[in-house]
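One letter stands for each residue in the lines below.
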Amino acid sequence: MTKILVKKETMPAFTASAPGKIILFGEHAVVYGRPAIAVPVTQVRARAVVKANPRGRSGELRIQAAEIDLDAPLDSLSKQHPLRRTVQETLNALSVSIAPACMLRISSTIPIASGLGSGAAVSIAVVRAFSAFLGYPLPDERVSAIAYEIEKLYHGTPSGIDNTVITYARPVFFVRGQPIERIKIGAPFTIVIGDTGIPSPTAAAVGDLRQAWQASPRHYERLFDAVGHLTLAARRAIEAGRTRELGPLMDENQTLLAEMDVSSPQLEDLMRAARAAGALGAKLSGGGRGGNMIALAPEAGSAEKISLALQDAGAVHTLVTTVGE
Ligand code: PMV
């Protein structure tokens, strides 16, 4: 371990940010080795700023995160607190034992525990800002690996899709344990995102599904296979620019997710409202049970109508994102 000696007064602030994400196809099945497709959502972001604190003692790090009412010395958090672990993993990755005194400020517009990747985005912004502050910005691969370790704290057996799509901030075709593949977007398409407002920790849905899979492996393997085939078909449609085909594929993926028991009446209400307002297809996105659903707009101009229908049906928040713009 080395101790980095830096003139504190001369240290500027280091800022990094990372987008949210949605899973277009393949959530849950991706935990069991099937492919999934995810895209960044740049309209929402997590941001981290690290500033030297010339009056502090070496190793002193204060952390502020207004969205979760946090303003405390880092070492007052439990050792397994995701933010403390993120800082520690960054120090370990750089073999730094003590950092210069500093203040770490985190802010985010990504709704928490709703399937938009807020946890991974915060980790990634913190690793980038903090490693830059220490003078050695970590490469994407290391950033993603640290965020993956932190994801384990949130949901035990993460597939790695969230940290991957958010680190690289571009559409990905993801298979657990394999090198990431980029997806070429043949023609842009518009997705409306509706938030049920019901926080849904991914760990619970993933854990329940694991138990169900253990009880009836053949049944669930068949569901996961079917999702895998849909994801492959979706990739072909996206790359060929046949975007309208994605609607029915989303609906079929949703039927399979409901069979896995990760949907909810509120999610189904929003999907019904989106389809009635002209969406070509809809599904939940992420861990399910609560959180967000997504709907495919027939063209960018109809997204507003679908957004309003979602709000009428109880969505607390809607977002519109065009993939491949
Ligand atoms: O973090 P979320 O809620 O977007 O869920 C991630 C997707 C899952 O497939 C449910 C879990 C995983 O690790 O891939």
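Everything here concerns the structure above.
Residues numbered from 1 in each chain as written. Predicted model: local features only at pLDDT ≥ 70, side-chain atom pairs only at ≥ 80, totals over all residues. Heavy atoms only, no water.

**Considering empty space enclosed by the protein**
Following the criterion strictly, the structure yields one cavity of 30 Å³ or more and no others. Each pocket or cavity is described by its volume, and for the largest cavity that value is around 40 Å³. Lining of the largest cavity is provided by A113, S114, G115, S200, T202, S285, G286, G287, G288, G290 and G291. Split by residue class, the lining of the largest cavity holds one nonpolar, 10 polar and no charged. Split by domain, the lining of the largest cavity shows at least three residues from each of two domains, domain 1 (2–174) and domain 2 (185–323). (1 Å grid on protein atoms, 1.4 Å probe; cavity = no way out; pocket = protein on both sides within 12 Å on 5 of 7 lines; lining within 4 Å. Points joined across faces, edges and corners; volume = space filled by probe spheres on them. Nonpolar A, V, L, I, M, F, W, Y, C, P; charged D, E, K, R; others polar. Domains from an automatic or database assignment.)

**Description of the sheet that holds strand β10 (residues 292–296)**
Sheet architecture is open: four strands sit in the order β9-β10-β8-β11, paired in antiparallel fashion. In this open sheet, the two strands that pair with only one neighbour each are β9 (281–285) and β11 (317–323). When strand polarity is set aside, the average angle formed by the axes of neighbouring strands in this sheet is 25 degrees. Across seven bridges, the pairing between strand β8 (residues 189–195) and β11 is antiparallel. Paired with F189 across the strands is V323, a residue of β11. Strands β8, β9 and β10 of the sheet are contacted by helix α7 (residues 246–259), whose axis makes an angle of about 45 degrees with β9. Against the sheet, helix α9 (residues 303–312) makes contact with β8, β10 and β11, and its axis sits at roughly 15 degrees relative to β8, the strand it touches most. (Pairing = 2+ DSSP bridges. Helix = DSSP H or I, 4+ residues; strand = E, 2+ residues; numbered from the N terminus. Axes fitted to C-alpha atoms, helices over the stretch in contact; angles between N-to-C directions. Contact = heavy atoms within 4.5 Å.)

**Some points on the environment of V50**
With respect to the secondary-structure elements, V50 resides in strand β2 (residues 36–52). Given a relative accessible area of 0%, V50 falls into the buried group. The sequence separation of V50 and I37 amounts to 13 residues, and the corresponding C-alpha distance is 33 Å. With residues near it in sequence (within four places) discarded, V50 still touches P12, A13, F14, C102, M103, L104, A129, F130 and F133. (Buried < 20%, exposed > 50% of the residue type's maximum accessible area, 1.4 Å probe, protein only.)

**Describing the packing of aromatic side chains**
What the rule picks out here adds up to five aromatic pairs. On the numbers, 6.2 Å between centres and 15 degrees between planes, the contact of F130 with F133 is stacked. Pair noted here: F130 and F133 are both in helix α2 (residues 118–133), with a separation of three residues, about one helical turn. Judged by relative accessible area, F130 falls into the buried class, the value being 0%. Seen from their ring centres, Y220 and F224 are 6.5 Å apart, and the 45 degrees between their planes marks the pair as tilted. A residue pair is termed a helical-turn pair when its members lie 3 or 4 positions apart in one helix, as Y220 and F224 do in helix α6 (residues 217–240) at four residues. Here Y220 falls in the buried class, since its relative accessible area comes to 11%. (Phe/Tyr/Trp six-rings, centres within 6.5 Å; stacked < 30°, edge-to-face > 60°.)

**With respect to the site of the ligand**
As a matter of local geometry, the ligand sits amid 15 residues, with K21, H28, S159, D162 and T202 nearest to it. Contact between the ligand and D162: an oxygen atom at 2.8 Å from a side-chain N or O atom of the residue. With respect to the ligand, the side chain of T202 contributes an N or O atom lying 2.7 Å from an oxygen atom. When isolated, the ligand has an accessible area of 370 Å², and the protein chains bury 96% of it. (Near = heavy atom within 4 Å. Polar contact = N/O pair within 3.5 Å; in protein donor to acceptor, adjacent residues only side chain to side chain. Areas by Shrake-Rupley, 256 points an atom, 1.4 Å probe, with all protein chains shown as cover.)

**Quick word on α7**
The end-to-end C-alpha distance of α7, which contains 14 residues, comes to 20 Å, matching closely the 20 Å that a straight helix rising 1.5 Å per residue would cover. Buried within α7 are the following residues: L246, G247, L249, M250, N253, Q254, L256 and L257. Looking at the buried residues of α7, the elements they touch are β1 (14–25), β8, α6, α8 (265–276), β9 and β10. (Expected span 1.5 Å × (residues − 1).)

**Describing the layout of surface pockets**
By volume, the largest pocket amounts to about 770 Å³. Those elements giving two or more residues to the lining of the largest pocket turn out to be β1, α1 (82–93), β5 (102–108), α2, α3 (140–155), α4 (161–168) and α5 (202–215). In terms of residues, the lining of the largest pocket owes the most to one element, α2, which gives four residues. Grouping the amino acids of the lining of the largest pocket by side-chain chemistry returns 21 nonpolar, 17 polar and five charged. There is about 300 Å³ of room inside the second largest pocket. As for the second largest pocket, its lining consists of 16 residues, and the residues nearest its centre are G59, L74, D75, Q88 and L91. Partitioning the lining of the second largest pocket into residue classes produces nine nonpolar, four polar and three charged.

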